[in-house]
Structures are given as structure tokens and as C-alpha cells.
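Architecture and fold: a report
Okay, here's what each chain looks like letter by letter:
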Amino acid sequence: MAIDRFGRRIHYLRISLTDHCNLRCIYCMPEGMTFHPYAELMQDDEIFIFTRLFSGLGFDKIRLTGGEPTLRANIVKLVHGISHTDGIRSVSMTTNAVLLSKLAGPLAEAGLQRVNVSIDTLDPLKFKQLTGFDNLENVWKGILSAEQAGLGPIKLNVVVVRGFNEPDVVELARLTLQHAWQVRFIEMMPFAGKTDFQTGQMVTAAETHSLIENAMGRLVPVNDQTLDGEARRFHLPGALGTIGFIYSVTAPFCGSCNRVRLTADGVLRLCLLRESELDLLTPLRNGASQDQLRTMVLEAVYNKPWGHALAQGEIPLNRVLNEIGG
Ligand code: SF4
């Protein structure tokens, strides 16, 4: 079992399948981004080797991310292999849903259980302004297809960007009146490539909470605000769904952290908002044994940082967001 030096059991692995994306969200990918050549990315069989390796160390929860994971060739085959690996009990995906209307059914059949969909506005013009593409209709179709395919409970991830989509948070929250979805508002985090924008345009979860309450009345806490994953949850009176706030910057939840990340180029990132990493793909390709790789992972996890130090001005600058997968 993978335990860090603070006694936290780390059993949740987020795997980035690609650094490519079919959107260009203004807070994510820097202009002129150069992507990893395919040969530098984990190949399908290498992803299966790592999935078995981590599952053997007690990792039982996998989330697939990107860039945009649905752009990965053989995505259905990959989901099937990962979800049918011994010891893996939960497989979910974070996606922008642009391609989901076609893929939701096959992915659910292959073993995918849930999706989180990134969507920052319901306004087609603002969607284009925020992402560079006119794809809101496809995203909406993708969300409905995911619900139909049973990939729920559906969670919508909203990054609130100052000067862009603050007014939209009310309409997004209103969705929970008719849909049993969880609409989660996430504080924007800083990484390389867009650092000034990410720090300058960040809207705190507390501000977003007030914006919604000012427009729609008091939000009722769910489970006394105990965290659901990363989110503090509330609901509007009479709503089918819930509203979550993720205080990733202003009130981090690192004490209960249970995750590490594997980037698309096979590097173990120990904390989303820290630079500490360990390359696993090179030793694998150089013939390292499973025992050697297990020891490397356990030692790295043991030395996992407690949490981020954004408040002390420490911003991770060794990767851009689409190379980590959030
Ligand atoms: S910032 Fe790092 S330690 Fe904190 S919750 Fe995220 S990954 Fe875990």
C-alpha cells in the first residue's frame, strides 16, 4: 500500500492520456504550445503496465484526463483494459465533452463509470470567447449522452475567470433545479505558460458563492459541508442537483489528499501544485523490473509534499496545465 510520510493513504491515480486538446481555453494552453511527439507519450501497453503496477500497490481509483482524453486513439480499448485490471474498482474521466455524444455509449460499455465535464458558460458567444471554438452545442449533446449512457452522477466543472464568466455562474447553478447534476465551481490555479492570467483573473470560491446567493437566495449546506472529494456542497431549495465549491487556492484540502498523477509522458507528479516529479517511463523503457518500479513509486509517494505553497508564492512552473490534466 502506498502511504506518504504524513500517513495519508494514496490510492487514486489520475492518468493524463495526451497533452493535445480540441479546445484552447484562455486560462490553460499558452500560445504556440509545442506538444510531445507521440513516441514520447506512454503507449497503450505501457499504460496497461503502469495500471497493473499501481493497482498492485493498492491504487483502486483511476481518473483519465488530458489535455482532452477523448482525443486519444483507441480510447475505448484503453478504458476497457484499465477498468478490467484486477484491483481497479473506479474509472472516471474529465472531458470537455466535445466528442462525447458519439463516445459515451461505447465508453460506458467498456467500463467507464462517471464523467466530469468542463464547461464554463451556457452562452454560445462566450463559449467561443473562452475556448476559441463554437462547440457549446456539441458539449451540451455530450453531457446529455453521458447521462443517457449512465455515466453519472454527472459533475460539471466550472472554472470562474474574472472579467469573463462571473455572470454565468448563476445560470450554471440554475441547472441544478432541473438536473440531478453536481455543478462545481473551481478556483483557477496557476501553472507555467499562463501564470499571470491564472493568478490575476482568479475568482475565489467565496465570491462565487456570494454571486449565486445574491441572485438565487441562500444555499443550503449538504452533509454539513463535509468535503465530497474536493467540493463543499450545497443545494438550492427544491433542486434536484447540488452546487459544489472547490477552494483549491484559498482553502486547500491537502490534509485529505489521496492522489498522485501520471502525465502523458509517463512522469509521476506527486502534487498538482508542486514541481516534484519522477520519470517512470524512461526506466520502464530501459528494462527496469516491476520490483524496481514498485520501489521507485513507493519511495516517491512516501516523499509526497504535504500540499501546495501558493500562499507563500510558490507556483509550479515546470509544466503547463494541459500537460498535467488538472
Ligand atoms: S494541491 Fe497537492 S496535496 Fe493538495 S490536494 Fe492537490 S494534489 Fe493533493
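Residues numbered from 1 in each chain as written. Predicted model: local features only at pLDDT ≥ 70, side-chain atom pairs only at ≥ 80, totals over all residues. Heavy atoms only, no water.

**Quick notes on the packing of aromatic side chains**
- As enumerated under the stated definition, the model contains 6 aromatic pairs in all.
- Summarising the aromatic geometry, the rings of W140 and W181 are spaced 5.6 Å apart at their centres and angled 65 degrees between planes, so their arrangement reads as edge-to-face. You can see W140 sitting in helix α5 (residues 136-148) and its partner W181 sitting in the loop between α6 (169-178) and β6 (182-186), a full 41 residues away along the chain.
- With centroids separated by 5.7 Å and ring planes inclined at 70 degrees, the aromatic side chains of F234 and F245 adopt a geometry described as edge-to-face. Taken as a pair, F234 in strand β8 (residues 232-235) and F245 in strand β9 (residues 242-246) lie far apart in primary sequence, 11 residues in all.
- Note on F234: relative accessible area 5%, which makes it buried.
- Looking at F245, the relative accessible area reads 0%, which means it is buried.
- Chaining the aromatic ring pairs together yields one cluster made of F185, F234 and F245.
- The lysine or arginine in question, K61, covers the ring of Y12, its NZ or CZ lying 4.4 Å from the ring centre.
- Positioned over the ring face of F197 is K194, at 5.9 Å from the centre of the ring. (Phe/Tyr/Trp six-rings, centres within 6.5 Å; stacked < 30°, edge-to-face > 60°. Helix = DSSP H or I, 4+ residues; strand = E, 2+ residues; numbered from the N terminus. Buried < 20%, exposed > 50% of the residue type's maximum accessible area, 1.4 Å probe, protein only. Lys NZ or Arg CZ within 6 Å of the ring centre and 35° of its normal.)

**A short note on the pairing of strand β10 (residues 259-262)**
- Across the two faces of β10 the burial is the same, with R259 and R261 and V260 and L262 all buried.
- The pairing of β10 with strand β11 (residues 267-269) spans 2 bridges and is classified as antiparallel. Counterpart to R261 in the pairing with β11 is R269.
- Linkage of β10 to β11, two consecutive antiparallel strands, is achieved through a turn of 4 residues, within which G266 is found at a positive phi near 75 degrees. (Pairing = 2+ DSSP bridges.)

**Points about α5**
- Between the first and last C-alpha of α5 there are 18 Å, a value that for 13 residues agrees with the 18 Å anticipated at 1.5 Å per step.
- Within α5 the residues assigned to the buried category are L136, V139, G142, I143, S145 and A146.
- Against the buried residues of α5 lie α3 (100-110), β4 (114-118), α4 (124-131) and β5 (155-159).
- The positive-phi residue at the C-terminal boundary of α5 is G150, with phi of around 85 degrees. (Expected span 1.5 Å × (residues − 1). Contact = heavy atoms within 4.5 Å.)

**Some remarks on the pairing of β8**
- Pairing between strand β7 (residues 220-221) and β8: 2 bridges, direction antiparallel. Within β8, the position partnered with V220 by the bridge is H235.
- Looking at chain direction, β8 and β9 are connected through 3 bridges and run antiparallel. Note that in β9 the partner of F234 across the bridge is I243.
- Counted between consecutive antiparallel strands, the loop separating β8 from β9 contains 6 residues, among which G238 sits at a positive phi close to 80 degrees.

**Section: the nonpolar core**
- Within the largest apolar cluster, 100 residues are counted, with the highest numbers of intra-cluster contacts made by F50, F54, L64, V115, L156, F185 and F245.
- Excluding its chain neighbours within four sequence positions, the residues that come into contact with V115 are M93, T95, L100, A146, L151, P153, I154 and K155. (Core = buried A, V, L, I, M, F, W, Y, C linked by side-chain atoms within 4.5 Å.)

**Observations regarding the sheet that holds β4**
- Spatial strand order, β7-β8-β9-β6-β5-β4-β3-β2-β1-β10-β11-β12: 12 strands in an open sheet with mixed pairing. Unpaired on one side and paired on the other, β7 and β12 (277-279) mark the two borders of the sheet.
- Note that β11 and β12 share 3 bridges and pair antiparallel. In the strand pairing of β12, V267 is matched with D279.
- Here helix α2 (residues 75-83) sits on the sheet in contact with β2 (61-65) and β3 (90-95), set at roughly 150 degrees to β3.
- Contacts from helix α8 (residues 205-216) reach β6, β8 and β9, with the element oriented near 155 degrees to β9. (Axes fitted to C-alpha atoms, helices over the stretch in contact; angles between N-to-C directions.)

Function cannot be read off these values alone, since they describe shape.
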